[in-house]
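Structural features, examined
Take a look at the letters that make up each chain.
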Amino acid sequence: MTPYGLTTEQRVEPLGLGAPLPRLSWKLDSERRGAAQTAYRITAAAEAAGLAHPGRLIWDTGRRESAETLLVPWNGPALISGARYHWRVEVWDETGAPAGTAQTWFETGILHPDEWAAAWIGRDPLHLPLQDPPTDEDLISPGPAEAPLYLRHRFTLADRPIRARLYATARGVYEPHLNGERVGDLELAPGWTEYHHRLQYQTYDVTEQLHAGDNVLAATVAGGWWSGYLGFNPRRPAHHYGDVPAFLAQLVVDFADGSRQVIATGSEWTEQSGPIRSADLLMGQFVDARRVQPGRQDPVAVLDTEPGPLVAEPDHPIRVIAEVPAAAVDQRDPGRFIVDFGQNLVGRVRLRIGATDAGQRIVLRHAEVLDDGELYRDNLRRAEATDVYVTAGTGEEMFEPQFTFHGFRYLEVAGYPGELTAGDVVARVVGNDLPQTGSFACSDPMVNQLQSNIVWGQRGNFLAVPTDCPQRDERLGWLADAQIFAPTATRNADVSAFLARWMRDVVDGQNDDGAFRDVAPVIAIDREAAPAWGDAGVIIPWLLWRTYGDRRALEDSYDAMKAWVEHIRRHNPGLLWRHRTGYSYGDWLQIDADTPRDVLATAYFARSTQIVAQAARVLGRPRDADKYAALHTAIASTFAEAYVGADGSVEGDTQTGYLLALGFGLVPPDRVEAAVQHLAADVEKRGNRLSTGFVGVSLLCPVLAEHGRTDLAYALLQQQEYPSWGYSIRHGATTIWERWDGWTDRAGFQSAAMNSFNHYSLGSVGDWMYGQVAGIDQTPGSVAYSELLLRPRPGGNLTWARAEQDTARGTVACGWSIDGDQITVTVVVPAGSTAVLEMPTSDPGSVRENGVPAGSDTLRLTSGRFTFTATTAL
């Protein structure tokens, strides 16, 4: 049994850690059935070699009798800034024998504010302009063209360093350089947070980029989320964060003789002009490659304001995470081409331009779909999504904008000299570099495409924050979208640190009355959150606990969770949530249905109250647990009395109304069967089609399957007529659409005012595909998949399905296949976990392992790989 997958604060070998008490985790791998950890020992040292010498250890837990492998808190000496710590874990197996060891490291960032020697610097308004004002032809957007900062500082080192770290951040987005080379591979740093409360800095190892003698540290800084276009606002809204970008950096250089030199931003830095004329996240980037950096150096302004405390970036950064080659290139006119990448994605393109004259103006425009063979861009609203490059005329050139991103499948290239080939252009996918943890596949190609669409929707919209869409003038962190999709997100990728960091923004946005907001960070929409939207502040911390065992995330959010429930209760003493409901979106974008808003709201009031009671129990707050459990009971009773008829009907008689009432346990037991019949009847009368919007869709297949209508759940999953997932796929979708009717045969495009073709919310069915189609789930009392519930539910016309998920405790797999009247189920249970396997058979006596009768269709398993067979009537 070998420890593997060691992480510190849920990341592998983090550089620049900001947590004063980081948490250490590991997974276990073993081919042996029943393998489990019974004890562990953690040791730490300042050097890797020191782990082998007891006298050089700085922390030693000794042998601890425990099966715990998750988020063990550091209990060694107080951490110091800029130090690397090596740690090793040794484990003992179920027999008490030593089983294996593994080691890793983490490095701290700047842990104390008074250790910052740097000052914020920006453009000095007394020395403008650095370049000629742009002409109308230069402008991508109707607003002001703002050139990024080109900052630099020359300094001298007496010797070659043995260690050097650059700590940097920006009000805006930045790209650092040392001695003419780019530093690191991060994109759009420092990302987007609630800047008024928190601004992240990044840490870079630059030891190999420095040398004795003269060196130059430089940075290019654009407005980004700080001072660029953001949300729905038609102009650069200075009241969001600030008017202009700024930069802060501190380079710490250590030498062999023990001395240290610190180079920091300050008055000695200078600004010069550069080839980027303007850059904006929504509008695009304009580059005139003829404008090489001149010799003129202007002084910078040293700023004396702070946007909020600097914090180390706590999660996986934004990077280029994939490349997608051009699938087809079609020339439309001389110099104008339409490129199809075959996949709707988020990022930018890299374009190669052959030798040509200086001054050739090449325009790149982006779109998700085509209309009569040309780009359809009406749905981008005010986002121009246009990049412009003017050639330098110095031979072969390469253009790739770095301070913008677009949502697109199609690219128009205009003004290109010569013939554009597929080899000249590649799409570069940009997003948070989240470890991919899950895979799902089955015998139906359409369902496999649905899984692909879900993954690509998540990949494109998990960029800085979980956004609603990546292409139009919005790109906001909508809370309901995130909480509906979050269970699916945890299947596909490790989103533990990403969502925990974003939850800080959600909590920071809460008002004094306890109301969360609709979006986080709070910009453009500053109002009390609607039902299902604000409830994300309760649901996601609980999900992080259940999925990853992250108690700290739950603790950090608990007071805000409780305040949200109290906010609702205070304004709705009758326990029906009808007042202070914000915009009250209801079941957003439902089809041919109108779920009563107070039914939806009160169901979520009950659900959030129930979670707060459960969270209080976990956190050791019994009085709160009892209080909110009683409140939940009262809300459930009031809901049933007000909305559930004696015949099991739910007020409004909509699919979502039934799903919320059944899924949240609000239907009295004696009326559950009747309510399920009403739900099924609604689905059947529509020809096995859905009517749910954002809120109801995540419950649709799970509730039907849980209540004996797996047949209907599969009918909906595999439906290809409108409205359905299959309908969009049949019409070429490669990501999840915002609306079921984003495009239809009968009506064409929906309103361009709100019609994204990359919007993950309706992809929340992915959680059910992992959990019940393939069969990977956990028991109600399980945390972080400590006790698995493996219950594959074959159905539809599928002949096989399988999924694999790298959980917090290790890899879980479950799959099944049908051959004639026999079903074969293969499962993998990671070391340290147990499982309950429910074999999908009506003949418990037919269940066998290697031909040996198992004696039951419900099997309790330890860790290991297992294969069972049984007869089936499917």
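Scroll up to find the structure.
In short, a report on the structure. (Residues numbered from 1 in each chain as written. Predicted model: local features only at pLDDT ≥ 70, side-chain atom pairs only at ≥ 80, totals over all residues. Heavy atoms only, no water.)

A word on helix H11 (residues 694-706)
The principal kink in H11, of about 40°, is found at leucine 700, preceding the proline proline 702 by one to four residues. The buried fraction of H11 amounts to 11 of the 13 residues, a majority that puts the element mostly inside the structure. The set of residues buried in H11 consists of Phe694, Val695, Gly696, Val697, Ser698, Leu699, Leu700, Cys701, Val703, Leu704 and Ala705. Glycine 708, located one to two residues past H11, shows a positive phi value of around 85°. (Bend = angle between axes of the 7 residues up to and from the residue. Helix = DSSP H or I, 4+ residues; strand = E, 2+ residues; numbered from the N terminus. Buried < 20%, exposed > 50% of the residue type's maximum accessible area, 1.4 Å probe, protein only.)

With respect to the pairing of strand E11 (residues 163-171)
The buried fraction of E11 amounts to 9 of the 9 residues, a majority that puts the element mostly inside the structure. Neither face of E11 is open: one carries Arg163, Arg165, Tyr167, Thr169 and Arg171, the other Ala164, Leu166, Ala168 and Ala170, and all of them are buried. Here 9 bridges tie E11 to strand E16 (residues 246-254), and the two strands are oriented antiparallel to one another. Directly across from threonine 169, in E16, lies its bridge partner leucine 248. Of the strand pairs in this sheet, E11 and strand E14 (residues 199-205) are connected by 4 bridges, and their pairing is antiparallel. Across the sheet, leucine 166 pairs through a bridge with tyrosine 204, a residue of E14. (Pairing = 2+ DSSP bridges.)

Remarks on the side chain of aspartate 124
Mapped onto the elements, aspartate 124 comes out in the loop between strand E9 (121-123) and strand E10 (149-157). Arginine 123 is the oppositely charged side chain nearest to the buried, salt-bridge-free aspartate 124, at an N-O distance of 9.2 Å. (Lys, Arg positive; Asp, Glu negative; His and termini not counted. Salt bridge = Lys/Arg side-chain N within 4 Å of Asp/Glu carboxyl O.)

Remarks on the packing of aromatic side chains
Inspection of the entire model under this criterion finds 36 aromatic pairs. On the basis of an interplanar angle of 5° and a centroid distance of 3.9 Å, the ring pair of tyrosine 376 and phenylalanine 749 is categorised as stacked. Within this pair, whereas tyrosine 376 is found in strand E28 (residues 374-376), its partner phenylalanine 749 is found in strand E37 (residues 748-749), the two being separated by 373 residues in sequence. Classification of tyrosine 376 by relative accessible area gives buried; the value is 7%. Since its relative accessible area comes to 22%, phenylalanine 749 is described here as partly exposed. Taken together, the ring pairs in this structure connect Trp478, Trp533, Tyr583, Tyr585 and Trp588 into an aromatic cluster. (Phe/Tyr/Trp six-rings, centres within 6.5 Å; stacked < 30°, edge-to-face > 60°.)

Quick notes on unusual backbone geometry
Between alanine 520 and proline 521 the backbone carries a cis peptide bond, its omega angle lying at -5°. In this model, asparagine 179 sits at a positive phi of 50°, which is unusual for a non-glycine residue. Within the secondary structure layout, asparagine 179 lies in the loop between strand E12 (173-178) and strand E13 (181-182). The phi dihedral of aspartate 372 is positive, around 55°, even though this residue is not glycine. Looking at the secondary structure, you find aspartate 372 in the loop between strand E27 (369-371) and E28. On the accessibility criterion, aspartate 372 (78% relative accessible area) is exposed.

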